[in-house]
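Listed here are the chains, written in short residue letters.
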Amino acid sequence: MKNKTIISILIVVGMSLSISVLAATGISLAPTIGNYHEGETFTVSLFVNPSSEKVFTAKTELTYPSDMLRIKTFVFADGWMPLNQEGYDLIDNSNGILIKTAGYAGGVSSQKLFGTVTFVAKKSGSAKISIGSNSLALNTESANVFDNAFASGEYTILAQVSQ
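A few points on the structure. (Residues numbered from 1 in each chain as written. Predicted model: local features only at pLDDT ≥ 70, side-chain atom pairs only at ≥ 80, totals over all residues. Heavy atoms only, no water.)

What about the overall build of the protein chain?
Piece 1. In terms of helices and strands, the protein chain carries one helix and twelve strands.
Piece 2. Its helices and strands in sequence order give the protein chain the pattern α-β-β-β-β-β-β-β-β-β-β-β-β, from N to C terminus.
Piece 3. Buried positions account for 39% of the 163 residues belonging to the protein chain.
Piece 4. A sequence separation of at least 24 residues applies to 78% of the contacts in the protein chain between residues at least 6 apart.
Piece 5. Taken as a whole, the protein chain presents about 9100 Å² of accessible surface, with 56% of it coming from carbon and sulfur. (Helix = DSSP H or I, 4+ residues; strand = E, 2+ residues; numbered from the N terminus. Buried < 20%, exposed > 50% of the residue type's maximum accessible area, 1.4 Å probe, protein only. Contact = heavy atoms within 4.5 Å. Areas by Shrake-Rupley, 256 points an atom, 1.4 Å probe, with all protein chains shown as cover.)

Pasting the structure below:
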């Protein structure tokens, strides 16, 4: 009887951990892989992915290898209202950091495009673009419900083809 109770508890705990992982609010990249040539531009879309509650404000910190990639532009998706103040709005191509913050009137309750980053491939190799741990997703009470500091994408930069 004792073993059945322990097994039942482990099953319930395991199921609740699985549900909490699936319910994580976060920010995702698309595409998460790609092959590009030196000098070529490519875009990566950022999505806010709310779980069980609406997200009203999102702050995205994106890190990338500045020796391999340069951000050309960032464009917010329709409906997002940018917060343009220090610490909330930055493109730093020297250190490989992008920070963008915006609010959404009425909040978002399902996956929503946040914005699009256009990169320029500078040199060949493997470039990892990651969502940084300083990212935020704020609910109606301004509590941070962000929970995916490890989302990333891997992009292969190929040497320029000589003609």
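There's more to say after this.
Thoughts on the side chain of S66
Piece 1. Assignment of secondary structure puts S66 in the loop between strand 4 (55-63) and strand 5 (69-76).
Piece 2. S66 gets classed as buried once you look at its relative accessible area, which sits at 18%.

With respect to the pattern of salt bridges
Piece 1. All chains considered together, the criterion is met by two salt bridges.
Piece 2. Of the charged contacts in the structure, one is a salt bridge between K123 and D67, with a shortest N-O distance of 3.3 Å. Remark: D67 occurs in the loop between strand 4 and strand 5 and K123 occurs in the loop between strand 9 (112-121) and strand 10 (125-131); sequence separation between them is 56 residues.
Piece 3. By relative accessible area, which is 41% here, D67 ends up partly exposed.
Piece 4. Residue D89 is joined to K100 by a salt bridge in which the shortest nitrogen-to-oxygen separation is 2.5 Å. You can see D89 sitting in strand 7 (residues 89-92) and its partner K100 sitting in strand 8 (residues 97-108), a full eleven residues away along the chain. (Salt bridge = Lys/Arg side-chain N within 4 Å of Asp/Glu carboxyl O.)

Description of the pairing of strand 10
Piece 1. Bridge count between strand 4 and strand 10: two bridges; the pairing is antiparallel. Looking across to strand 10, one finds that T63 is bridged to S130. (Pairing = 2+ DSSP bridges.)

A look at unusual backbone geometry
Piece 1. Going from A30 to P31, the amide bond is cis rather than trans, its omega being -5°.
Piece 2. For P31, the location among the structural elements is in the loop between strand 1 (26-30) and strand 2 (33-37).
Piece 3. Even without being a glycine, S142 presents a positive backbone phi close to 65°.
Piece 4. One can find S142 in the loop between strand 11 (136-138) and strand 12 (152-158).

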